[in-house]
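# Architecture at a glance
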2 protein chains.
Amino acid sequence: MVQPPPARVGDHVDDIETPALIVDLDAFERNLKIMQETADRLGVKLRPHAKTHKSPVVAMRQMALGAVGQCCQKVGEAEAMVDGGILDVLVSNEVVGRRKLDRLAALAGRARIGVCVDHPDQISALAESVAVFDTRIEVLVEIDVGAGRCGVAPGEPAVELVKAIEAAPGLSFGGLQAYHGSAQHIRGWGERRQAIRKAADGVKMTKDALAAAGIDCPRVTGAGTGSFEFEAETGLWDEIQCGSYAFMDADYGRNFDEAGDPVSGFRNSLFVLASVMSAPAPGRAVCDAGHKSSAIDSGLPAVHGRADVTYAGASDEHGSLVVGAGAEALGLGDKVWLIPGHCDPTINLHDWFVAIRGGRVEALWPVAARGALR
Amino acid sequence: MVQPPPARVGDHVDDIETPALIVDLDAFERNLKIMQETADRLGVKLRPHAKTHKSPVVAMRQMALGAVGQCCQKVGEAEAMVDGGILDVLVSNEVVGRRKLDRLAALAGRARIGVCVDHPDQISALAESVAVFDTRIEVLVEIDVGAGRCGVAPGEPAVELVKAIEAAPGLSFGGLQAYHGSAQHIRGWGERRQAIRKAADGVKMTKDALAAAGIDCPRVTGAGTGSFEFEAETGLWDEIQCGSYAFMDADYGRNFDEAGDPVSGFRNSLFVLASVMSAPAPGRAVCDAGHKSSAIDSGLPAVHGRADVTYAGASDEHGSLVVGAGAEALGLGDKVWLIPGHCDPTINLHDWFVAIRGGRVEALWPVAARGALR
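Residues numbered from 1 in each chain as written. Chains lettered and ligands numbered in written order. Predicted model: local features only at pLDDT ≥ 70, side-chain atom pairs only at ≥ 80, totals over all residues. Heavy atoms only, no water.

### Topic: the overall build of chain A
The criterion, for reference: Secondary structure counts use DSSP, requiring at least four H or I residues in a row for a helix and at least two E residues in a row for a strand, with both numbered from the N terminus. Atoms counted for the radius of gyration: C-alpha only. Globule rule: 2.2 Å times the number of residues to the power 0.38. The rule is simple: take the accessible area with a 1.4 Å probe, protein chains only, and divide by the maximum for that residue type; under 20% is buried, over 50% is exposed, in between is partly exposed. The contact rule is simple, with two residues in contact once any of their heavy atoms fall within 4.5 Å. Only four residue types enter the tally: Lys and Arg on the positive side, Asp and Glu on the negative side; His and the chain ends are excluded. Every charge is mapped to an atom, namely NZ of Lys, CZ of Arg, CG of Asp or CD of Glu.
Looking only at helices and strands, chain A features 10 helices and 17 strands. For 374 residues, the compact-globule formula gives about 21 Å, and the C-alpha radius of gyration of chain A, at 22 Å, lands near that figure. Reported as C-alpha extents along the three principal axes, the dimensions of chain A are approximately 70 × 45 × 35 Å. Among the 374 residues that make up chain A, the fraction classed as buried is 60%. Put simply, of all contacts in chain A between residues at least 6 apart along the chain, 68% involve residues at least 24 apart. For chain A, the distance from the average position of its 37 positive side-chain charges to the average position of its 49 negative side-chain charges is 1 Å.

Pasting the structure below:
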């Protein structure tokens, strides 16, 4: 169930077995540095999302540059982070079910743990688990700022939940979770900014309602790679939760900034390296990476470095490549560097990051929380 | 990287942590029995596809009923099968790259191994690896019978490859691979049958060309859950490679048989069990299974047993549920049984099958070849 790594440290990239999940260390480190510098400049804390990388190795790199902690979506991801040495984890999601709450309460004995709620029953259930383990958890109220998924409506409904948190033994109010996921992928800069402006109205209304009730709001957290500059410019968010910026993907490559360039200058550092395994007809080839290797929920992968080759179709284990007229043919064993359509679920398909620099394998990083669904 | 199982044997289904991959043993066993009986009646051998289940436990169940071996798409899957006690494995796919060929040649020291080719260079490369390990491999020629993916054109091009196989030391000609993948998902019975009739023309032409060259064709293998009866009725295929029949999925549920019923009476035995984690507004709920738990390449999951609830959208870790007007509301912690859109890539997202019967967990089966991409 855990697969052997596709390479060894020191291997030349040509000797990596395919398909393999590759991290270009120069681009990756550049992305990490740019994001931390940008967050510092904007005056917001950076709490990167571990749902993207699922790796304490990556988390540690982010922490070393100044990140204040990590976000997770699942208790299993939080366990992997704490076990890997990350001592400040926010589960930016609701958690339901006794066993999961017990796991979270137990984890809070070893790290600072936060979690989100959008219903009073989640608060009482959480209080029961922290009582068993005699730990404390910070509870954030999630408000729906436009995503239409989880979260209470901004304003008074949030205030009611905060009062319930403050009344519950073992729990403290940790602030507001305000994340607008779908806004990350609105292509136009102006439209994306407008969506976050509307989200900000909900945050402002909720902060005002809390203040009117005499409740201090310790923080507002949210935002992602596609929009964080807009959240920051409102002055309402204290903490941003970007994850994809470390790697980028084909989907984020379709977002534009104000000047019409790729968002914030982050570079693609994540690739699925694939090999041509069949070249059955002129202009057509098949590679060994299908959608079990590169997730297609946000579209097909792009082919890096070969503008004349298109990844035209994914089946489970095959990628169908179309070679443009007049372009150099693809032959058996030729490598193609795929930019995944969506980085998060692609990483979740692999057990190992193969970290490369200068054409050689420099490190193998386990995807420790791969499959941490619970 | 391997996650703890979501339950223990003996647990009540209500105590399974979610999301979890569930096998309903009664339906599963019924599917296995029906398929073997049908293959026997049709006079074809059954070589189920392990790309679907990735589990020697499932493979052993199929073998016990009469299956002649297993198919795999990847060398890593074949390794998992042989290590799990399956001693007859056909890699129904091309394999390119020295390390993979070495692994395959080494495996042939412990089991009967077959592999497909569609290019002479694959044959010479394979011969080099079997020479190193002093083993033998059966080599099948893949012909493109309409899928437009891998495979040579039917007829003479296949004959040329067979001659190269027969001339190569350590290799023997194992027959023809003739699989029309996309035909499995043509909805109408008549149209699906017509696609296989066209595929059969290619098989017939190739068998005739081999006979004219004085070459015996040991077998023709192919077919899937959506079409196997059509391949069998032609009398041209000796062996069928169905995999999904063991579990079925929402996509196969959209195929019709001659009478307009679901194909061959197979039942859904595979579910992703999910919990409602947020119920933020009337008529709307969010469950804890998104597309990292249930693959959406062939569409969203269906909700089993609740015709009044629709799985309307998948994000990475969330499933958005819409509750029909007048239907019983979904509350926090309520369970939903999802029928995955596509069984193969869904199974590949999980480490464990939770096998249930009569409302209790009867077994935990490791998804041994999960992530076996290479």
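### A word on helix α7 (residues 156-167) of chain B
The periodicity of an α-helix, 3.6 residues per turn, causes residues three or four positions apart to be oriented the same way. Residue and element names in this part refer to chain B. Put simply, the test is: For a helix, the expected span equals 1.5 Å multiplied by the number of residues minus one. The directions from the helix axis to the C-beta atoms are what the arc is built from.
Under the 1.5 Å per step criterion, the end-to-end length of α7 is 17 Å for 12 residues, consistent within 8% with the ideal 16 Å. Buried residues of α7: Ala-158, Val-159, Leu-161, Val-162 and Ile-165, and no others. The buried residues of α7 occupy an angular sector of 165 degrees when projected down its axis, which confines them to one face. If you follow the buried residues of α7, they end up packed against β5 (112-117), α6 (120-133), β6 (137-142), β7 (171-177) and α8 (189-212).

### Regarding the interface of chain A and chain B
Put simply, the rule reads: Two parts placed together each lose some accessible area; with a 1.4 Å probe, that loss summed over both constitutes the buried area. Just to be clear on terms, a salt bridge is a Lys or Arg side-chain nitrogen sitting within 4 Å of an Asp or Glu carboxyl oxygen.
Taken together, the 67 residues of chain A in the interface contact 67 residues of chain B. Between chain A and chain B the total buried area reaches about 5,400 Å² when both faces are included, carbon and sulfur atoms providing 52% of it. On the chain A side of the interface with chain B, the three residues burying the most area are Met-1, Arg-149 and Arg-374 of chain A, jointly 15% of the side's total. When the shortest N-O distance is used, the salt bridge between Asp-316 of chain B and Lys-51 of chain A registers 3.0 Å.

### Brief notes about the relation of the copies chain A and chain B
What counts, and what does not: The copies were overlaid by least squares, fitting only the C-alpha atoms of residues that reach a pLDDT of 70 or more in each copy.
For the pair chain A and chain B, the best superposition has an RMSD of 0.0 Å and corresponds to a rotation of 180 degrees with a translation of 0.0 Å parallel to the axis. Both copies of the chain, as the preceding transformation shows, are related through a two-fold rotation axis. If distances are taken from each C-alpha of chain A to the rotation axis, the shortest is found for Val-2 of chain A, at 3.0 Å. When the interface residues of chain A are mapped onto chain B, 100% of them again fall at the interface, so both copies present the same face.

### Some thoughts on the confidence of the model for chain A
Quick reminder of the rule: How sure the predictor is of each residue is captured by pLDDT, a score from 0 to 100.
A residue-level look at chain A finds 99% of positions with pLDDT of 70 or above and a mean pLDDT of 96. Across the whole predicted complex the pTM is 0.97, and at the interface the ipTM reaches 0.96.

### Overview of the packing of aromatic side chains
For any pair of aromatic rings, geometry is given as the distance between the ring centres together with the angle between the planes. Residue and element names in this part refer to chain A. To keep things clear, this is the line we draw: Aromatic rings from Phe, Tyr and Trp, taking only the six-membered ring of Trp, are treated as a pair when their centres fall within 6.5 Å; an angle between ring planes under 30 degrees marks them as stacked, one over 60 as edge-to-face, and anything in between as tilted.
The final tally for this structure, using the stated rule, is 16 aromatic pairs over all chains. Each ring, one from Phe-28 and one from Trp-365, has its centre 5.5 Å from the other, and the planes form 55 degrees; the classification is tilted. Of this pair, Phe-28 sits in helix α1 (residues 25-42) while Trp-365 sits in strand β17 (residues 360-366), and the two are 337 residues apart along the sequence. Residue Phe-28 shares its accessibility class with Trp-365, and that shared class is buried. Aromatic pair Phe-228 and Phe-266: ring centres 6.4 Å apart, planes at 50 degrees, arrangement tilted. Here Phe-228, found in helix α9 (residues 228-234), pairs with Phe-266, found in the loop between β9 (239-240) and β10 (270-281); they are 38 residues apart in sequence, far enough to count as distant.

### So, the pattern of salt bridges
Opposite charge on two side chains permits them to pair, given that their charged atoms come into close proximity. Residues and elements named next belong to chain A. Throughout the structure, instances matching the rule amount to 62 salt bridges over all chains. We note a salt bridge from Lys-163 to Glu-160, for which the minimum N-O separation is 3.9 Å. Taken as a pair, Lys-163 and Glu-160 lie in helix α7 (residues 156-167) at a separation of 3 residues, close to a single helical turn. What makes Glu-160 partly exposed here is its relative accessible area of 46%. Three or more residues joined by partner-sharing salt bridges are found here, namely Arg-47, Asp-88, Arg-112, Glu-138, Arg-219 and Glu-239.

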